[in-house]
Each structure stands twice: as C-alpha cells, then as structure tokens.
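# Inside the fold
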Amino acid sequence: MLAGLSLSSDYIVPQDVKEAGFQICAEELGSIVEGHDVKKLKIHDGVEGIAEKLGTTITKGISTSEIDRRQRVYGVNRFTETPPKGFWFFVWEAVQDTTLMILGICAFVSLLVGIVTEGWPKGAHDGLGIVASILLVVFVTATSDYKQSLQFRDLDKEKKKIVMQVTRNGLRQKLSIYDLLPGDIVHLSIGDQVPADGLFMSGYSLLINESSLTGESEPVNVNASNPFLLSGTKVQNGSCKMLVTTVGMRTQWGKLMATLSEGGDDETPLQVKLNGVATVIGKIGLFFAVVTFSVLVQGLFTRKLEEGTQWIWSGDEAVEMLEFFAIAVTIVVVAVPEGLPLAVTLSLAFAMKKMMNDKALVRHLAACETMGSATTICSDKTGTLTTNHMTVVKTCICGEIKEVSGSEKFGSSIPESVRKILLESIFNNTGGDVVVNEAQKVEILGTPTETALLELGLLLGGDFEEERVKSKIVKVEPFNSTKKRMGVVLELPEGGFRAHCKGASEIALAACDKFLNSNGDVVPLDEASTTHLQDTIEKFASEALRTLCLAYSDIGSEFSESGDIPFQGYTCIAIVGIKDPVRPGVKESVAVCRSAGIVVRMVTGDNLTTAKAIARECGILTDDGLAIEGPEFREKSDAELQQLIPNLQVMARSSPMDKHTLVKQLRTTFQEVVAVTGDGTNDAPALHEADIGLAMGIAGTEVAKESADVIILDDNFSTIVTVGKWGRSVYVNIQKFVQFQLTVNVVALVVNFTSACLTGNAPLTAVQLLWVNMIMDTLGALALATEPPTDDLMKRAPVGRKGNFIRKEAFRLDGPDSDLILNTLIFNSFVFCQVFNEISSREMEKVNVFDGILKNYVFVAVLSCTAIFQIIIIEFLGTFASTTPLTWQQWFVSIAFGFLGMPIAAILKMVPVGSS
C-alpha cells in the first residue's frame with residue numbers, strides 16, 4: 001500500500017507516477033479533496049505545491065503533449081455506465097406477458113393432443129399457428145422496445161454534452177468535460193456545474209451549492225482557506241479558476257454514481273391515464289371471454305346430452321374444448337389494449353427524435369405531450385426573441401450622445417482622462433476575458449453584454465492585459481439579477497481604493513451624484529443634467545437598445561475585503577446603448593402562436609421602454625395589451641392580479657420571484673398550461689414551477705438546464721413553436737390510435753361473443769384473433785403514432801387542462817356474422833375494416849383522410865405489409881389459419897364490407913360535436 005494515504009509528511013511517490021513525470025498519485029489527490037484535508041494539503045505546500053507536482057501552472061495549464069501520460073496515471077473524466085440492455089433482454093421481457101404465457105400453454109396442449117389424435121404434421125397445425133402468432137407478437141414488441149431504449153440512450157448522451165472554459169497550452173479554450181484531466185485550469189462562473197474534483201486557485205465571492213452531494217441547501221463559501229471543490233456541485237455565485245485534481249470514478253460524485261443503477265423512464269401522465277383505460281377495457285374483455293367460453297362449453301355439453309354421449313369424450317372433443325379456451329384467452333389478448341401505452345411511447349419517442357433534428361433536446365418524456373396542451377408561453381427577451389449578438393451602437397459620454405463607429409473620430413473626441421477611467425471600468429469590472437486563441441487571433445470571451453463592452457474598450461484603443469496589471473482587484477460582486485448590477489473594488493497604484501459599478505441604467509444612475517462634463521471634469525449632477533441623462537436612457541430604450549450605466553467612486557484608503565462595496569456617491573462615466581436585433585422569424589412565430597390560441601408574454605430584466613419596443617417589434621404587445629414593471633407587479637394584491645394578468649403581455653425589470661409568481665398565478669388561479677423559457681441560474685424556480693420548462697442551450701447555465709424539461713439548442717423562439725407543434729402532433733396521434741383501437745375492440749368482442757351465444761361457434765379462431773391483435777396493437781400503434789405534424793395543428797385552440805381526450809366518433813360499430821368460406825369472408829372483412837379504419841383515423845376532423853398520406857412512409861409501409869400478409873394468410877396458409885382461398889368476387893365483397901366504415905366515419909365527422 002502507498003504510504004501517501006497516511007497523514008504523515010513522508011509521502012512516497014509511486015514509481016509509475018515518478019516515471020510519468022509527476023510527483024503525486026491519484027489516490028493521494030482524492031483523499032485531500034474528498035476529505036477536505038487541510039493538514040495534508042499543507043504537507044504538499046498548498047494549492048501551488050499540488051499544481052507544481054501535477055506539472056501545471058495557473059497561467060498556462062497543462063500541455064496537450066502530456067495527455068496520454070496523464071490519462072495513464074490519473075484516468076479519464078467519465079463515469080462507469082450500466083451496460084445497455086441487449087435485444088434478447090427485451091424478448092425475454094415480452095415473453096413475460098401473462099396472456100401470452102397462457103396462450104403458450106394452450107399451444108403446447110394443442111400440439112400434444114393434435115399429434116396424438118391426428119399425427120404429424122396434420123395434428124400440429126393449430127398449435128404451430130398459435131406458436132407462430134405468439135412469436136410474431138413477441139419479436140415485434142421486443143424490436144420496438146429495443147429500438148426505443150437505444151434512442152433514449154443516444155438522447156441521454158446528448159444531455160451530458162457540457163463544454164467548459166479551460167486554460168491549456170497557455171490558451172483559454174472550450175473543452176468537453178469528458179476531456180478534462182488533473183492539472184487542467186477550469187474557469188467557473190455563476191450557474192456552472194463543477195465538472196471534476198479540484199482546488200480553488202483564484203476568484204471572487206464564490207458560493208457553491210453542494211445539495212446534490214450533501215443534501216444541505218445552505219451554500220458553502222469556497223476561498224483560499226477552504227479551497228475544496230467537488231464534482232456535481234453548482235456555482236451559485238461568484239467566479240474562480242479551479243485546479244482539477246481528480247476525475248471520473250475517483251471523484252466523490254463518481255463513487256456515488258457507482259452505487260446507483262439507472263432506473264427506468266418515468267411514465268408520462270398520458271401513459272398513466274391510458275394504462276387505467278387499458279385496465280378497465282381488459283376487465284370488460286375478461287368478462288366477455290369468460291361468458292364466451294361458458295356459452296361455447298355449454299353448447300358442446302348440450303350437444304353431447306342430446307346425443308347421450310356426455311360420459312364418453314374423444315380426443316377431438318378435448319381439442320375442441322382447448323380451442324374454446326384458446327379463443328377465450330385470445331379475446332382477452334385482443335380486448336386488452338396493450339397498444340395504448342405502446343402508441344404513446346412510440347409517438348413520444350418518434351417526436352423526441354424529430355425534435356432533436358429541429359434543435360430541441362427533450363430531457364423528460366412527459367414534456368412532449370405537455371407542450372401540446374400549452375396555453376401560455378412566458379418568454380425571455382435576450383437571446384430568445386433577440387439574436388443575443390450584442391454591439392454597442394450608441395453612447396452618452398461627457399453628456400454628449402455619440403454613434404459608435406469603427407473610425408478613429410469616435411475615440412478621438414473623448415477627453416483622455418475620461419477615456420482612461422472608461423477603459424479602467426470596462427476592463428476591470430467585467431466577467432469576460434480577452435485572449436489570444438490557437439490561431440493567434442484576439443478572441444473575446446464572456447456573455448454577449450460583456451463581449452459588447454469589451455469590444456467597445458478595444459475600439460477605444462485599450463489593452464486588456466495592460467489595464468488589468470495596472471491595479472489590483474480587491475473585491476468583486478458579480479452581476480446579480482436581483483441587484484441588477486455588478487461591482488468591483490480596485491487598489492490603485494498611487495494608493496487608495498476605487499469602486500466601479502455597472503448595471504441597469506436607472507439603478508446605477510440613481511447611485512450617482514456627479515458626472516463627467518465635456519472637458520472631462522467631475523461636476524455635481526444637477527437637475528438639468530439628471531433630466532438629460534434620464535431622457536437619453538428613454539431615447540435609447542425607445543430605439544429598442546439595452547442601456548447600461550458605467551460609474552465609479554473613489555472610496556479613500558480604508559476598505560475591508562469582508563465589507564460590501566458601497567453603492568452611493570458615484571460619478572457617472574457613460575451610458576451605453578447596446579443593440580440586440582430581433583431574431584428572424586420571431587414575429588411570424590408569435591403570429592402562429594396567436595392563431596393557435598397560445599398567449600405569448602415577455603418577461604425581461606430590461607427597462608419598460610426597451611421591453612415595449614422589442615415586444616411591439618415581435619408582435620407580442622398589442623394595442624389592448626398591458627405592460628408593467630416588476631416592482632409595481634409585486635405590490636399588487638391577489639384580487640388586483642386577477643384583474644391584471646389576463647391582459648398582461650410584457651413584464652419589465654422583473655426579478656426571478658416576479659417571474660415565479662406570474663407562472664404560479666397562471667397555473668393555479670387561471671388553470672393555464674404554462675411554458676417558461678429561461679437561461680440563468682435565477683430562472684430555475686420559474687422553470688421548475690412551470691408545466692414545461694424550456695432552457696436555452698447556448699446562453700443557458702447548467703443549473704437552468706437541470707431545472708428544464710426541454711433544452712432549446714439554438715436559443716430560438718421559433719424552435720419553441722416547433723416543440724408546441726410536435727406536442728400537439730403527439731396528442732392528436734394518440735387520439736387517432738384510441739379511436740381506431742376502441743372501434744376494433746368493440747367489434748372483436750361483439751363478433752365473437754354474439755356468434756358464440758347465437759350459433760355456439762366463434763367465427764374468428766385464436767390464430768385469426770392474434771393476427772387481428774397484431775394489426776390493432778403493434779402495427780396500428782406504429783402506423784398512427786408516427787404521423788408527422790401539419791401546419792393545421794397550429795390553427796386549433798389548445799387542449800388545455802380540461803380538454804376531452806376521446807371524441808364521440810370513436811364509438812361506432814362495423815360488424816359481420818358465420819362454414820369455412822363465411823368465416824374467411826368475416827375474417828377478411830374484419831381485417832380490411834381495420835385497415836380502412838386506420839386510414840380514417842389519420843384525421844380526427846377532416847373528411848379528406850388521404851391528404852399527405854404518401855409523406856408518412858411508415859404508415860404506407862405498415863398498411864402495405866398488412867395487406868400483403870393478409871393475402872398470404874388467406875391464399876397460402878389456410879391450414880394454419882383456418883381459412884380458405886377466396887375468389888376475386890369474394891375478395892371484392894369482403895373488402896367492400898371492410899370499406900363501409902370509411903363513409904360512415906366521414907359522415908360522423910361532418911356531424912357537429914359539442915366541446916366541454
């Protein structure tokens with residue numbers, strides 16, 4: 001064993017670690033971080049000592065030439081996953097079905113009795129027919145489940161694709177969390193998930209939420225005295241550079257994951273509802289099966305009593321009794337609509353796959369169907385309705401409004417003293433960074449707002465690195481959506497401290513009592529100057545510009561790092577207007593939502609004037625719509641909110657709790673089905689409260705994504721509308737299948753039950769019923785559940801919470817009557833009745849059911865295969881399936897009878913149906 005696992009200072013480096021060029025092993029690193037072992041950390045000369053032993057530095061990180069060696073010694077940042085379930089597992093699972101097992105026993109007894117009484121192969125026909133039908137059901141079900149499991153596994157991999165900012169080879173770059181190695185320098189900021197175990201190297205105001213590991217909701221302060229960072233925890237506030245020490249299964253999160261096995265996918269609400277329907281129908285089917293079996297047996301006994309042979313039983317009569325039992329069991333198989341949950345699963349899985357192509361990653365299966373019922377969307381502005389590519393286009397510096405251009409004239413007109421203080425503010429009071437990338441080009445990293453300001457600083461001739469080394473940053477208060485500002489305190493080279501603040505213009509300006517005049521002098525902020533600056537903010541906002549105010553304050557020589565940054569007595573440096581253009585297609589998408597009965601509301605942190613200008617441009621704010629600010633909204637009573645919310649279209653200057661309150665009121669008081677978009681950590685409560693949370697894939701933090709049901713990969717509002725369309729498609733497809741299933745179920749039960757009662761014989765044999773069940777459940781689900789959405793879906797009112805699921809036209813009968821040709825005719829009519837009924841079920845309301853039918857290749861393929869197999873069963877498998885070949889006239893008649901359901905369905909669709 002390694003001596004390094006003790007607390008002694010005589011740690012011995014293992015030989016293989018030494019040979020690889022490192023001075024500390026993975027086990028020692030793991031024990032330091034996981035055990036929060038400060039004493040052992042000191043033995044290794046602190047964080048700097050660990051970095052040195054790992055062969056890395058805070059400025060350059062590791063070299064890519066060492067990657068293989070590091071992986072050999074320290075492992076990779078991946079967790080051991082449970083092996084995927086193979087195809088035969090799903091075959092075994094399908095065989096466990098009780099009714100199929102009973103049918104298997106029937107097949108075995110039928111084979112035994114048949115071979116004994118009639119010999120091979122004639123006596124084996126019935127038994128082998130049932131066996132073949134069972135195998136077909138089992139393999140189709142297993143194939144469907146297996147493919148679905150593979151699809152969910154692919155989607156799960158997609159969910160885990162997380163990219164971090166990492167310094168390697170002296171360059172700051174984006175890397176997948178799976179590529180991280182001990183020695184890497186990772187940059188963490190608000191909303192990030194800690195990707196591996198590590199140590200804090202430098203940073204500000206770092207608060208870590210460790211509830212995912214410890215269950216404690218109180219965040220932990222991480223700093224130089226408590227530098228331990230654990231994989232799986234989340235950054236709640238602040239930012240830092242982290243030294244990665246342990247990866248993969250050696251991390252605490254990895255060890256926790258090793259103790260867990262992956263659970264199955266949760267059933268969606270619709271699946272639960274339909275499983276209940278299936279149970280009720282199954283019980284009705286069981287009742288009919290018992291009665292049918294009793295009637296058939298009673299008929300046999302009556303015949304034998306009349307013949308006086310009740311005490312003499314032949315092998316044929318035993319086989320007949322077995323056939324009666326097989327028919328009864330098959331009625332249960334046909335009656336139990338196991339295809340209902342299968343149809344939901346297939347439809348959802350199909351929709352999930354297609355939505356992935358449309359830039360929407362569904363994290364929870366239920367989200368597909370829920371989105372189809374959405375009545376309201378509460379959308380962010382920045383990055384969702386707008387492009388999130390920001391540029392400073394206007395400034396107000398020294399009281400003068402200037403258009404920002406790339407020419408030298410823009411910077412030359414600003415006094416040098418003002419330019420200096422502006423550059424100091426831009427380059428120090430930022431969460432962004434200016435780096436040289438691998439192509440030796442200058443690259444700006446950070447949020448779109450930070451990027452826009454840093455671009456302005458470079459345009460003014462500033463040098464990021466040069467500016468940063470001039471002063472020492474003492475304290476940072478990162479941007480917070482509650483305070484709506486960011487602050488930093490610098491220790492100046494000449495002595496003393498200076499605070500810089502930037503944030504929402506009206507909030508930052510309210511903290512100012514001075515400003516810089518046209519000569520660059522600091523002068524008191526009088527009423528006229530205040531009015532001018534406020535009018536400038538209004539003017540910028542009315543032009544749909546996002547406004548920020550930059551200010552500073554010299555706070556003397558006394559400042560404690562533990563104290564708060566003061567927020568009064570500031571000098572206004574500049575007001576900037578940032579342009580964030582509306583995304584192409586947003587206005588059209590909002591119009592589509594309006595025609596679909598979905599109300600779109602904008603909830604943003606921007607000021608009211610900017611929010612209203614953007615909302616009008618997007619088509620969200622109408623003449624009779626209401627726009628309100630967050631502070632005013634939160635002062636309203638419940639009674640006032642009930643009056644206000646129905647007309648509310650824009651909420652500006654909103655806090656995360658305002659958004660949460662709005663969502664909660666819409667869901668509970670107004671019974672709306674609410675979809676919410678969000679990108680920040682503070683959006684998590686509203687995303688969690690909503691019926692469906694939509695997180696932004698590009699701008700969204702990991703915390704927001706974890707709280708969401710769907711991740712919009714391109715941050716585009718048009719994609720949200722596409723998700724809504726797919727959700728409606730899922731709902732309608734299930735409605736189609738339920739209509740088809742209930743119709744066939746009723747016919748199957750009535751035909752066999754009525755015939756058994758009236759004639760003492762069942763016209764449909766066990767093999768025929770199993771084939772019918774195959775069409776009705778698995779193939780029917782496959783055909784109807786994979787219909788793609790049409791634009792017409794977005795011209796209907798949303799279903800909401802209380803919409804009827806089963807339409808009245810689902811309850812209708814088409815049925816036949818009983819010699820071998822008659823039974824074959826009935827069987828053929830019955831199958832083609834289902835085929836035509838499946839076509840009728842493509843549209844719930846339209847009479848023209850053939851519109852776009854050729855676009856659904858799965859539907860056409862399933863119907864074609866059904867028809868081909870039906871011809872084979874009747875013409876070539878007569879002995880097995882108890883059928884006889886038909887003449888072309890008989891084919892015509894039986895198909896014509898099957899077709900009768902279509903005109904009846906068309907007539908019923910034209911009859912107005914009341915809605916509740």
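Residues numbered from 1 in each chain as written. Predicted model: local features only at pLDDT ≥ 70, side-chain atom pairs only at ≥ 80, totals over all residues. Heavy atoms only, no water.

### What about the packing of helix α16 (residues 416–428) against helix α17 (residues 448–459)?
Helix-helix packing: each pair is described by the crossing angle between the helix axes and the interaxial distance. Orientation of α16 relative to α17, taken along the N-to-C sense of each, is 145°, at an axis distance of 9 Å. Where α16 crosses over α17, the two elements pack in a sense that is left-handed. In contact with L423, I426 and F427 of α16, α17 contributes L453, L454, L456, G457 and L458. Each residue belonging to the contact of α16 with α17 can be placed in one class, and the counts come to 7 nonpolar, 1 polar and no charged. (Axes fitted to C-alpha atoms, helices over the stretch in contact; angles between N-to-C directions. Helix = DSSP H or I, 4+ residues; strand = E, 2+ residues; numbered from the N terminus. Left-handed = near helix turned anticlockwise from the far one by under 90°. Contact = heavy atoms within 4.5 Å. Nonpolar A, V, L, I, M, F, W, Y, C, P; charged D, E, K, R; others polar.)

### Considerations on the pairing of strand β15 (residues 485–491)
Within β15, 6 of the 7 residues are buried, which leaves it mostly tucked inside the rest of the structure. The pairing of β15 with strand β16 (residues 497–504) spans 7 bridges and is classified as antiparallel. In the sheet register, M486 faces β16, and the bridge partner there is K502. Joining the antiparallel neighbours β15 and β16 is a turn of 5 residues, in which G495 adopts a positive phi near 100°. (Buried < 20%, exposed > 50% of the residue type's maximum accessible area, 1.4 Å probe, protein only. Pairing = 2+ DSSP bridges.)

### Re helix α21 (residues 586–595)
For α21, the set of buried residues is V586, S589, V590 and C593. The arc that holds the buried residues of α21, viewed along the axis, is 100°, so those residues lie on one side. The positive-phi residue at the C-terminal boundary of α21 is G597, with phi of around 80°. (Arc of directions from axis to C-beta.)

### Some thoughts on the sheet that holds strand β24 (residues 674–678)
Across a sheet, strands are paired by hydrogen bonds formed along the backbone, either parallel or antiparallel in direction. Taken in spatial order, the 8 strands make up an open sheet running β8-β26-β25-β24-β9-β21-β23-β22, and their pairing is mixed. With partners counted over all chains shown, the strands left at the sheet margins are β8 (360–362) and β22 (626–629), one partner each. Here the average twist between neighbouring strands, direction ignored, is 20°. Most of the contacts of helix α25 (residues 656–668) go to β24, to which it runs at about 165°, and overall it touches β9 (376–379), β21 (599–603), β23 (648–652) and β24.

### Observations concerning the packing of aromatic side chains
The full count for this structure, using the stated rule, is 10 aromatic pairs. On the numbers, 5.5 Å between centres and 70° between planes, the contact of F87 with W88 is edge-to-face. Members of the aromatic cluster, connected to one another through ring pairs, are F87, W88, F89, F90, F139 and Y146. The cationic tip of R78 hangs over the ring face of Y178; the distance from NZ or CZ to the ring centre is 4.1 Å. Directly above the ring of F567 sits R485, whose terminal nitrogen or CZ lies 3.7 Å from the centroid. (Phe/Tyr/Trp six-rings, centres within 6.5 Å; stacked < 30°, edge-to-face > 60°. Lys NZ or Arg CZ within 6 Å of the ring centre and 35° of its normal.)

### A short note on a nonpolar patch on the surface
Taken together, W888, F892, V893, F897, L900, I904 and L908 make up a surface patch of nonpolar side chains, about 740 Å² in accessible area. The element best represented in the nonpolar patch is helix α33 (residues 888–899), accounting for 4 residues. Tracing the backbone through its elements, the reader meets W888 in helix α33. Relative accessible area serves as the criterion here: at 65%, W888 is assigned to the exposed category. (Patch = residues over 30% accessible without salt bridge, like charges linked within 9 Å, V, L, I, M, F, W, Y side chains within 5 Å. Areas by Shrake-Rupley, 256 points an atom, 1.4 Å probe, with all protein chains shown as cover. Salt bridge = Lys/Arg side-chain N within 4 Å of Asp/Glu carboxyl O.)

### Here's the deal with the environment of S176
With respect to the helices, strands and loops of the structure, S176 is situated in strand β2 (residues 171–176). Spatially, the C-alpha atom of S176 lies 9.0 Å from that of Q165, the residues being 11 residues apart in sequence. S176 has contacts with I162 and V163, leaving out every residue within four places of it along the chain.

### A closer look at the pattern of salt bridges
In this structure the tally under the stated criterion is 25 salt bridges. Between D554 and R498 there is a salt bridge, with the nearest N and O atoms lying 2.6 Å from each other. With a gap of 56 residues between them, D554 in strand β19 (residues 545–554) and R498 in strand β16 connect regions that are remote in the sequence. Residues K514 and D513 are paired through a salt bridge, measuring 2.7 Å at the closest nitrogen-oxygen approach. Taken together, the salt bridges that share partners define one network made up of K394, E403, K539 and E543.

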